[in-house]
Amino acid sequence: MTRIVILGMICSVQTGYANPTTDTESDAVEVRARRQTPEVDESRAIHRTTRKQLDARQPRSTPEALHYAPGVYVQQTAHGQGSPYIRGRTGQQTLLLFDGLRLNHALFRKGPNQYLFTVDPRTLSALDVVRGSASVELGNDALAGAVILRPLEPALDPTRDAFILRPKVALRHATADGELGGRLQLDAQFGNAFGVLLGVGARQVGRLEAGGDAWRDGRAPTQVCVDVESVPCFEANGRSQIGTGYDELTADARAVAKIPDGHLTLAAYFYRQYDAPRTDQCPPPEAPSDVCLVFDEQFRSHIYSKLEHAPGLRGLERHEASVGYQRQHQRYTRTRPDRFPDTPDLNTEIKNLGRDAVDALSGFWKASSQRLSVSSKAHFEVRYGIDGSYEWVESQKWARFTQANITRAASRGQYVEGSTFGQAGVFVAPVLEWGSIRLRTGGRFAYVQATSPGETESASAAFSRAHWPMVFNLGIQTTHTVSAFANIEQGFRAPNLDDLTGRQSTGRGYQFENPDLKPERALTVEGGIRLSTRPIQVEVLAFYQSLDDAVERRLVDPLEGCSFGDFVDRACRANRAPQQLVNLTGTAIIYGAEAQAKIRLLRQLHLSGTVSYTYGEGDNPAEVLGQFDEERVPLSRIPPLNGTAELQWTHRASGAYLGMGLRWADRQDELSTGDVADARIPPGGTPGYLTFDARVGIRLPTRLNLALSAINLTDERYRTHGSGVLGAGRSVIANLELFL
Amino acid sequence: MKFRHFKFLSFVVALACVTIGCESDDPDETSNDGGSMAAGGEPGAGGEPATGGTAGMGGMAMDCMPHPEDYPGDSWGTCISDEGAYEVINPSISSIARIASFETIADTLWRREGAPSTDDFTTALTEYTANELLDSRVQRRYDSHYPAPEDGSSCRDPGVPEMYPDYCVGPASILPTIMMALNAGVAGEDAVANAARVEAGLLWFFYVSAFKEANSCASKSKDCDSAWAYYTGGEQVDGGLGLSKYVREIEPATHQAVFNGILAVRCWREQDNDPMSSSQPEVHQRALRQLDSALDRALAAVLIDRLNTWNGSDAAAWAFLQVLGPVADRAARAIDPAKADTLAAAWAGDGSDQDAATLVGHLNDLFPCP
């Protein structure tokens, strides 16, 4: 079906429209002059990945698009999922924003999740990563940082009052997983004040081939898995990973109207992923090797409006407001196949089905003042705003017995249906520049409330929890070519509905809820030096974060911990690692260092690189320490020492370029107690790796982009720490974009 | 211009129709008749195991003495089991939940007044197949009495159980027995007999599992805890769930003997305390022989008890015996092939030409002592 859609898109492309005089993605058409990352202060540790970089690197997904960002480490539980770690934290402790609106929702788990994958990277113009707590400006969940996703805009050329169509078709193929996909994009301008960008995309992705050979030491004829506990499992060729592959459809529409002193935007983004196995549960460790958990549907729908206005007033130079609706939906099936397909009288097939959805209304209003002169040397400006969201949850589970032809609903899903989560906050962030010193501060006052109606049969408690966090920050920066900076940031994360109502099998065991969790609070101190010249840009920094009431998983005694009043959760008791989220005693710490450099070796030759180190530890979550238990243990899934390097030569006249990319990571054997039980982490820790990519392409603005990448040239067999799927083996990615 | 506008709008409509995929509908919950009595079977038949031992039909030989190498004994030295209680290695013993699940199924299907309904079978099916519970382990259970496939094949891989049905006893034999009985019960067929088949299938699983876990404890020490749990349900010798509940009520001495076998394994594990390997395999083998012998007598005791219940007429009891009886064949054949053939032929029939006392006699001859 996907191939038909792709062919249909190609056949529907029309020719003969007026060719644009400007490339929609070039810098020549500047729709709005604005600070690069207006959401947070420019003195923060921020890294931007641009559209051009994405076109050259050809990431498979939005999470993979962050591979070369310092301080970011991308984990993939499954082929169709991906989660960025920022300074050792992910999921609930990092905030994802799409065009300023929260992508995070109340069912974000502790640990990696799949939701950033539901953003089509082909709809993005840039990705900004803010490292370090950013709760003052950005609110709840920005404990370790934030990923700010900036969508493509229609090319609204104010100098041309005409009807202009700029169609583009893109085709992509990757040999490692047989990916075949494409995108049809139509950029339309109506007069000089209204533009529309429409896009539809599709791809079909097969099983992902890893590097090396799983069966180096030989293989039994029927063998699928290397051993009973390791994931993933493999086909007979020792490379194709069972439990990978998916289908994907995307659609987006963005209409922008120029209004006096501003713009009004109406946008809609739809992401549909089908039949995506969860690789580490396909099969689960120790289960029959044809058991598989598949996400039949992973959908995101996001509709919103946005007003950007620049009245030019002293206290209100510019402001923007947005309201939106987002729905995240997932439907999954865990199938135990019939083990007697040749026996007509017996069918042992069992399916466990589930559906979860969270609907969210969210919005914000943010403003900034003019840069006001206080004296001849001093200037003052202030940013301020208000934001909020409200979410509600649907969740159900069923068991279907094929031979008996019976479907039974469970009393509750993974979450308690009807639970709600709301939050709001108001912030102010003034900045004072005095000569070459830039001093900033800020504060946020917030409100977070979570409610659940409970569920009697499973003894799921009803509750209503409210928190009133207040956070502040302080930063100083010199504004010379070589500038020094230091920031102190407070962050907070209130427990969400996954923490408070979730009962689910996770990659490392069975997790059940803790309705008594307290918010996590972080204090981040960072300092560093930046050098910013035309040929060289360097940033080196170190950070230290202390976490109070850090949330970690604690293994529980199944005889006691899996009982809820008179109800005994037997799936919890029977799991090899029943766990509950708890607030750690004492203070957990995460510290590290990051460095990045960009050097223009020659006019057309650029070298860049990153190095990131993170270490984290906290009190042992065990209630009673055993003889061999340490009092302080590593935090879960802290990334290892890792880095990247890129070299690119660009021939500006022709648009051709040659490049290479290198990614490496050290071994990670600092494991939490939960990590040890996690099948995605090999016994003893995750080995280090080093991969090389080679790139070549040609970029002719308004005509074509052709990119070819040879991935993992040495065919390294590797996985990023905590991943359930291995990285792609030696392969080729080809992408062709034609402007019509 | 107008034609271009039309094409543009056509594109928008096509875009909306093609790509805004809708969420699938939720499945409709279905059920069976609910509450209807299944045809066939005597109410209350095949219920609680008979109490008071097997005195009425020939029990264990009264002169059974422990083997000189058995635990507890002088040859074992001092160890953690000496207080007579099982000391866990890892407090998180997931197997306990599976025996608890068995108890729930037992209360639903055979420890009850009256025959179970189709809805009861659905409840039992749901319980049996719940995540991480009984079905998850039956599907991969192998019998350590048989050698593992030389090529390294695993019972969890497709096609392997068919090639090695004795070794991969769980997916090859126990699974179809239990699932056929549950599905038939859901369909309203012969409720009491099918309940008895489920009972026998699960006891079979516990019999195999206790020995298997005691064996694999050599490379994974927490499996010793699972061996204990699969026999006792996590209780000490004066308690007992699952298989141990049957054995303790039928032959307390045999129950103690099985428990001593488990304590022997635990004793070895404490003395040979590398959690991932064994440097005293001969001691481990000694403990396994003790446990194996006791489990064989325990199995025989359960069969004898059910033969007493059957006594030539109880169809549900015979259904139970037809499932669990052949389980003793491996051990019986190693002792006396001729008697093993006699028993095998008996279980294969409908029991109409069999005499309970004769079969009990054969079992006592084969397995006189734990």
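Scoring rules and cut-offs
The residue count restarts for each chain, going from 1 along the sequence in the order it is written. Going through the entries in the order they are written, you letter the chains from A and number the ligands from 1. This being a predicted model, a pLDDT of at least 70 is required before a residue's local features are given, and a value of 80 or more before pairs of side-chain atoms are given or counted; all residues contribute to the totals for chains, interfaces and linings. Only hydrogens and water are set aside when side-chain values are computed; all heavy atoms of the structure are taken into account. Centres within 6.5 Å make a pair out of two Phe, Tyr or Trp rings, where for Trp the six-membered ring is used; the pair is then stacked when the planes are under 30 degrees apart, edge-to-face when over 60, and tilted otherwise. The helix and strand labels rest on DSSP assignments: H or I over at least four residues marks a helix, E over at least two residues marks a strand, and numbering proceeds from the N terminus. Put simply, a charge is over a ring when the Lys NZ or the Arg CZ is close to the ring centre, within 6 Å, and near the line of the ring normal, within 35 degrees. Between the first and last residue of a helix there are one fewer steps than residues, each counted as 1.5 Å, and that sum is the expected span. For every residue, the accessible area obtained with a 1.4 Å probe (protein chains only) is divided by the maximum for its type, and the residue is called buried under 20%, exposed over 50%, and partly exposed between those limits. Strand pairing requires that DSSP identify at least two bridges connecting the strands. Note on contacts: a residue pair is in contact if any heavy atoms of the two residues lie within 4.5 Å. Accessible area that two parts lose when put together, with a 1.4 Å probe and added across both, is what the buried area reports. We define a salt bridge as a side-chain nitrogen of Lys or Arg found within 4 Å of a carboxyl oxygen belonging to Asp or Glu. In the analysis that follows, any N or O atom pair within 3.5 Å is treated as a polar contact, provided that within protein one partner can donate a hydrogen and the other can accept it, and provided that, for residues neighboring in sequence, both atoms belong to side chains. Each residue is assigned to one class: nonpolar for Ala, Val, Leu, Ile, Met, Phe, Trp, Tyr, Cys and Pro, charged for Asp, Glu, Lys and Arg, and polar for all the others, Gly among them. Only the stretch in contact is used when fitting a helix axis, every axis being a line fitted to C-alpha atoms; angles between N-to-C directions are given from 0 to 180 degrees. Relative orientations are named as follows: roughly parallel for angles under 35 degrees, roughly antiparallel for angles over 145 degrees, roughly perpendicular for angles from 65 to 115 degrees, and oblique for any other angle. A clockwise turn of the near helix away from the far one marks a right-handed crossing, whereas an anticlockwise turn of less than a right angle marks a left-handed crossing.

S.K.: I tried to follow the packing of aromatic side chains on my own but got confused; where do I start?
M.R.: Residues and elements named next belong to chain A. For the coordinates displayed, the defined rule picks out 28 aromatic pairs over all chains. With 6.4 Å between their ring centres and 5° between their planes, Tyr544 and Tyr591 make a pair best called stacked. With Tyr544 in strand E27 (residues 536-548) and Tyr591 in strand E32 (residues 587-602), this pair connects stretches of sequence that are 47 residues apart. For the cation-ring pair, Arg87 lies above Phe543, with the distance from its terminal atom to the ring centre recorded as 4.2 Å. Its guanidinium or amino end placed over the ring of Phe299, Arg272 lies 4.5 Å from that ring's centre, counting from NZ or CZ.

S.K.: Help me out: how do you make sense of helix H3 (residues 118-129) of chain B in this one?
M.R.: Count 3.6 residues to each turn of an α-helix, and residues three or four apart come out pointing the same way. Residues and elements named next belong to chain B. Between its terminal C-alpha atoms H3 stretches 16 Å, which fits the 16 Å expected from 12 residues at 1.5 Å a residue. The buried fraction of H3 is high, at nine of 12 residues. Residues of H3 that are buried: Thr118, Asp120, Phe121, Thr122, Ala124, Leu125, Glu127, Tyr128 and Thr129.

S.K.: Hey, could you run me through the pairing of strand E15 (residues 350-368) of chain A in this one?
M.R.: On a regular strand, each side chain points to the face opposite its neighbour's, so the side chains alternate between the two faces of the sheet. All names here are of chain A. Along E15, 16 of the 19 residues are buried, which leaves the element largely enclosed by surrounding structure. In this structure, strand E14 (residues 318-336) lies alongside E15, joined through 19 bridges in antiparallel fashion. Residue Ala321 lies in a different strand from E15, and its bridge partner there is Trp365. Pairing analysis gives 19 bridges linking E15 to strand E17 (residues 378-401), with the strands arranged antiparallel. Residue pairing across strands places Asp356 opposite Ser395, the latter belonging to E17.

S.K.: Is there a simple way to think about the interface of chain B and chain A in this case?
M.R.: Interfaces are often sized by the amount of accessible area the parts lose when they come together. Listed by partner, the interface residues are 69 residues for chain B and 73 residues for chain A. Here chain B and chain A share an interface that buries about 5,800 Å² over both sides, 56% of which is from carbon and sulfur atoms. Summed over the shared surface of chain B and chain A, the result is eight salt bridges. In this structure, Glu229 of chain A and Lys220 of chain B form a salt bridge, with 3.5 Å as the shortest nitrogen-oxygen distance. Remark: the boundary between chain B and chain A carries 26 residue pairs in polar contact (both at pLDDT 80 or more). Put simply, the parts of the chain that give the side of chain B that touches chain A at least two residues each are helix H1 (2-19), helix H2 (95-109), H3, helix H4 (134-138), helix H5 (160-163) and helix H6 (169-186) of chain B. With nine residues, the top contributor of residues to the side of chain B that touches chain A is H1 of chain B. For the side of chain B that touches chain A, a count of residues per class yields 29 nonpolar, 21 polar and 19 charged.

S.K.: Can you walk me through helix H11 (residues 281-310) of chain B in this structure?
M.R.: Residue and element names in this part refer to chain B. Over its 30 residues, H11 extends 42 Å from the first C-alpha to the last, a length consistent with the 44 Å expected when each residue adds 1.5 Å. Of all 30 residues that make up H11, 23 are buried, and the element is covered over most of its length. Positioned one or two residues after H11, Asn311 has a phi angle of 45°, which is positive.

S.K.: Honestly, the sheet that holds strand E1 (residues 45-50) of chain A in this entry has me stumped. Any pointers?
M.R.: Adjacent strands of a sheet pair through backbone hydrogen bonds, lying either parallel or antiparallel. All names here are of chain A. Pairing is mixed in the open sheet, where five strands are placed in the order E1-E6-E7-E4-E5. Only two strands of the sheet have a single neighbouring strand rather than two, namely E1 and strand E5 (101-102). Here six bridges tie E1 to strand E6 (residues 124-131), and the two strands are oriented antiparallel to one another. Bridge assignment links Arg48 to a residue of E6, and that residue is Asp128.

S.K.: I'm lost on the packing of helix H9 (residues 243-250) of chain B against H11 of chain B in this one. Help?
M.R.: For any two helices packed against each other, one specifies the crossing angle of their axes together with the interaxial distance. Residue and element names in this part refer to chain B. Where H9 meets H11, the closest approach of the two axes is 10 Å, and the angle between their N-to-C directions is 70°. Taken as axis vectors, H9 and H11 run roughly perpendicular relative to one another. Classified by chirality, the crossing of H11 by H9 is left-handed. Taken together, the residues of H11 that come into contact with H9 (itself represented by Leu243, Tyr246, Val247 and Ile250) are Ala298, Ala301, Val302, Asp305 and Arg306. Among the residues making up the contact of H9 with H11, the classes are represented as seven nonpolar, no polar and two charged.

S.K.: Sorry, what's going on with the pairing of strand E19 (residues 420-434) of chain A here?
M.R.: Residues and elements named next belong to chain A. Pairing between E17 and E19: 15 bridges, direction antiparallel. Considered in E19, the bridge of Arg383 is made with Ala429. Note that E19 and strand E20 (residues 437-452) share 13 bridges and pair antiparallel. By the bridge assignment for E20, Val428 is matched with Gly443. Hairpin connection from E19 to E20: two residues lie between these consecutive antiparallel strands, with Gly435 at a positive phi of about 65°.

S.K.: Would you mind going over the environment of Ser458 of chain A with me for this structure?
M.R.: Residue and element names in this part refer to chain A. Among the secondary structure elements, Ser458 is positioned in the loop between E20 and strand E21 (463-467). Given the relative accessible area of 2%, Ser458 is considered buried. When the C-alpha positions of Ser458 and Lys397 are compared, they lie 13 Å apart, and in sequence the two are 61 residues distant. Excluding its chain neighbours within four sequence positions, the residues that come into contact with Ser458 are Ser411, Arg412, Arg503, Phe564 and Phe567.

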